[in-house]
Amino acid sequence: MLGFYRLSSLVAIFATLFAVAHAGLISDLSKQSFQVLVPGNSGYPTASAACKRFTFQPAAIALPNNPQDVSTVMKIGQQYNLQVVARSGGHSYVANGLGGKDGVLVVDMSNFKQISVDSTSNIATIGPGNRLGDVALGLNNAGRALPHGTCPYVGIGGHSGYGGYGFTSRKWGLTLDTIQSLDIVLANGTIASASSTNQPDLFWALRGASGSFGIVTSIHAKTFAAPASSTVFEYHWDLSAADAAKATAAFQNYVLTNIPQEFGAEIVLGQGSAKGRVSFGLTGGWYAPANQFNGVIAPLLANLPKPSSKKLTVGTYINSVQYLGGLDRLNTVGIPDGSDTFYAKSLMTPEASPMSSAALNAFMNYLANNGAEANTDWFVEIELYGGTNSAINNVALAATAFGRRSSMFTIQFYTSAPGGVPPFPQEGFAFLDGMVNSIVNNSPANWDYGYLLVSRYRGWCQILITPCSAYANYIDNRLSNWQNLYYSSNYPRLRTLKDQYDPRDTLNFPIGIEE
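Just so it is clear, the structure is predicted and the values come from calculations on it, not from any experiment.

Caption draft 1: Spatial organisation of the overall build of the protein. The secondary structure content of the protein amounts to 16 helices and 18 strands. Its C-alpha radius of gyration of 23 Å places the protein within 12% of the 24 Å reference for a compact globule of 515 residues. Overall, the C-alpha framework of the protein stretches about 75 × 65 × 40 Å when taken along its three principal axes. When burial is assessed residue by residue, the protein has 57% of its 515 residues classed as buried. Considering only residue pairs separated by 6 or more positions, the protein has 74% of its internal contacts joining residues 24 or more positions apart.

Put into structure tokens, the structure is as follows:
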């Protein structure tokens, strides 16, 4: 009994100390010139919202206005020994922008909205608080463009910090490949800049693992002339599992025929018209004269069944960005974002060894049958990264921290709770695990999947049920061996640099570089 009272006393003492420290934190933040939101404030619930599979309560959310404000927040966070994270658009699949737990100090970058283009160098300066739709509009006003994803509401900060794929990436590279320099606040509050000539090690790490090394306040990126013409293409089939496997194989073969860089595409898979069938779509963009498209796509279509529908939409480049965004607008300012209760996985397939017939048949059979019985909504996107002249794969693996430069496809597996509302059903996890395993477990032993592949043949990978190569922007908090799967041979260098730039591990969050 005496021990119980002592334990109760200790708990009370720690609770008091925590309350005093929290009050001190709020007091120190509230003295500053920028907005701070804490539990109980009217704007706090919206500012702390994330993927509905996660609910976290930050200790405070600071909304700085300039790099000096960010520095002040970082220093206060370290003073109170708090975990600090940056939040750009809030689209992290695992709510990394909230730190992955309660009690984190969040630095919301939504006030960093600059978009400008130097008319001589065509270098754009972009604030990390911008969403992709607004970036596209701002650059288009200067006749310029960047490679990036299609969702207008994704924040440019995280998108460019960990990859950044879009339909123009085969021609222009990933978003992070365009970055020429970055303005940043380090974990200790130091305001700095990084480029290939100024702190090159830091610059290397920021292009692939940005959030673990500092808070970016400005992105300086090389832009490209907006194409004079863009053609959005959409084809659709309702196929048997066997025919869907053959169609995907035909697409793989087509990719290896030196297709032009101006061709970007993805296969979109979903529930078919009946059990045993798969909805099979081919969507993408052609960023060259429209009258050349039919000749480019013809060799692929010749090896596919006649589509049930076909649509070609020709227009300006910005028209194509808006169309592919799916909202009939790109402007996000003052318009609330949607949300979902979902789980996603990814798999990057090696170009040197495309998916086998056995893997494709097992995968399509799984979708056609298990997918028809799933109690969650789902889709799969097989995104084209490779091809013999892909700008993504023409970058050396060691040039940036991005860990995959030899992939043919990045496959995103996505499932959401019915109606998109919580709770997320546990069966949804096993459903996606089964999708990935249907490919991995039927792939050859020489697939470029690192040491986890070897472990799979000892039975380990089947226990973990993880893909053996993955994309960090489709981050998965259930993924084991993520260090190798996301960063490959780049991870040891990242770990060393983490010790150098953030020895106290202030910038800490799930699936972040470990100190």
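Caption draft 2: Inspection of the sheet that holds strand 2 (residues 60-63) at higher detail. If you trace the four strands from one edge of the open sheet to the other, you get 1-2-4-3, paired in mixed fashion. Each of the sheet's edge strands pairs with one partner strand only, and the pair in question is strand 1 (35-37) and strand 3 (84-87). Strand-to-strand twist in this sheet, taken as the mean axis angle between neighbours without regard to direction, amounts to 25°.

Caption draft 3: Local environment of unusual backbone geometry. Geometrically, the link from Pro-422 to Pro-423 is a cis peptide bond, its omega value of 0° lying close to zero. Here Pro-423 shows up in the loop between strand 18 (407-416) and helix 12 (427-440). In this model, Ala-95 sits at a positive phi of 60°, which is unusual for a non-glycine residue. Structurally, the position occupied by Ala-95 is in the loop between strand 3 and strand 4 (105-108). Of note, Asp-328 is a non-glycine position whose phi angle comes to about 65°, a positive value. Topologically, Asp-328 is positioned in the loop between helix 10 (317-325) and strand 16 (342-350).

Caption draft 4: Examining the pairing of strand 9 (residues 191-195) more closely. Across five bridges, the pairing between strand 8 (residues 179-185) and strand 9 is antiparallel. Bridged to Val-185 within strand 9 is Ile-191. In this structure, the hairpin formed by strand 8 and strand 9 is closed by a connection of five residues, where Gly-189 is found at a positive phi of approximately 95°.

Caption draft 5: Region of interest: the pattern of salt bridges. The tally for this structure, following the rule as stated, stands at twelve salt bridges. The partner of Asp-28 in a salt bridge is Lys-31, with the nearest N and O atoms 3.8 Å apart. The residue Asp-505 makes a salt bridge to Lys-498 at a minimum N-O spacing of 3.6 Å. One continuous salt-bridge network, built from bridges that share partners, spans Lys-345, Asp-433, Asp-476 and Arg-478.

Caption draft 6: Spatial organisation of helix 4 (residues 132-140). All buried positions along helix 4 are accounted for by Leu-132, Gly-133, Asp-134, Val-135, Ala-136 and Leu-139. Looking at the buried positions of helix 4, the neighbouring elements they touch are strand 5 (115-117), strand 6 (123-126), strand 7 (144-145), helix 5 (156-162) and helix 10.

Caption draft 7: Spatial organisation of the sheet that holds strand 5. The strand order across the open sheet formed by five strands is 5-6-10-8-9, and the pairing between neighbours is antiparallel. A single partner strand is all that each edge strand has here, and the edge strands are strand 5 and strand 9. Put simply, the sheet's adjacent strands are angled 15° from each other on average, direction ignored. Two strands pair when backbone bridges link them, and strand 6 and strand 10 (residues 215-222) are joined in this way by four bridges, in the antiparallel orientation.

Caption draft 8: Main features of the packing of aromatic side chains. Applying the stated criterion across every chain, the model contains 30 aromatic pairs. With centroids separated by 4.7 Å and ring planes inclined at 15°, the aromatic side chains of Phe-342 and Tyr-414 adopt a geometry described as stacked. One end of the pair, Phe-342, is in strand 16; the other, Tyr-414, is in strand 18, and 72 residues separate them in sequence. Under the relative-accessibility criterion, Phe-342 is labelled buried at 8%. Consider the rings of Tyr-343 and Phe-424, whose centres lie 6.4 Å apart with planes at 65°: the pair is edge-to-face. One end of the pair, Tyr-343, is in strand 16; the other, Phe-424, is in the loop between strand 18 and helix 12, with 81 residues separating them in the sequence. Classification of Phe-424 as buried rests on a relative accessible area of 11%. An aromatic cluster of three or more residues is present, and its members are Phe-233, Tyr-235, Trp-237, Phe-251, Tyr-254, Phe-263, Phe-280, Trp-286, Phe-293 and Phe-409. Directly above the aromatic system of Phe-203 lies the positively charged group of Arg-207, at a separation of 3.8 Å from the ring centroid. Directly above the aromatic system of Trp-204 lies the positively charged group of Arg-493, at a separation of 3.9 Å from the ring centroid.

Caption draft 9: Region of the structure containing the environment of Asp-69. Within the fold, Asp-69 resides in helix 3 (residues 67-79). Overall, Asp-69 belongs to the buried group, its relative accessible area being 7%. Beyond its immediate chain neighbours, meaning those up to four positions away, Asp-69 contacts Ser-33, Phe-34 and Pro-64.

Caption draft 10: Summary view of the side chain of Asp-177. Within the secondary structure, Asp-177 sits in the loop between helix 6 (169-172) and strand 8. The class of Asp-177 is buried, set by a relative accessible area of 18%. Ignoring sequence-local partners within four residues, the contact set of Asp-177 consists of Val-395, Thr-400 and Arg-405.

Caption draft 11: Representation of the side chain of Glu-381 within the structure. Within the secondary structure layout, Glu-381 lies in strand 17 (residues 377-384). An unpaired buried charge is present at Glu-381: no salt bridge exists, and Arg-170, the closest side chain of opposite charge, is 16 Å distant. Once you skip the residues sitting within four places of it in the chain, Glu-381 turns out to touch Glu-266, Ile-267, Val-268, Thr-410, Ile-411 and Gln-412.

Cut-offs used in this document
- Residues numbered from 1 in each chain as written.
- Predicted model: local features only at pLDDT ≥ 70, side-chain atom pairs only at ≥ 80, totals over all residues.
- Heavy atoms only, no water.
- Helix = DSSP H or I, 4+ residues; strand = E, 2+ residues; numbered from the N terminus.
- Rg over C-alpha atoms; globule rule 2.2 N^0.38 Å.
- Buried < 20%, exposed > 50% of the residue type's maximum accessible area, 1.4 Å probe, protein only.
- Contact = heavy atoms within 4.5 Å.
- Pairing = 2+ DSSP bridges.
- Axes fitted to C-alpha atoms, helices over the stretch in contact; angles between N-to-C directions.
- Salt bridge = Lys/Arg side-chain N within 4 Å of Asp/Glu carboxyl O.
- Phe/Tyr/Trp six-rings, centres within 6.5 Å; stacked < 30°, edge-to-face > 60°.
- Lys NZ or Arg CZ within 6 Å of the ring centre and 35° of its normal.
- Lys, Arg positive; Asp, Glu negative; His and termini not counted.

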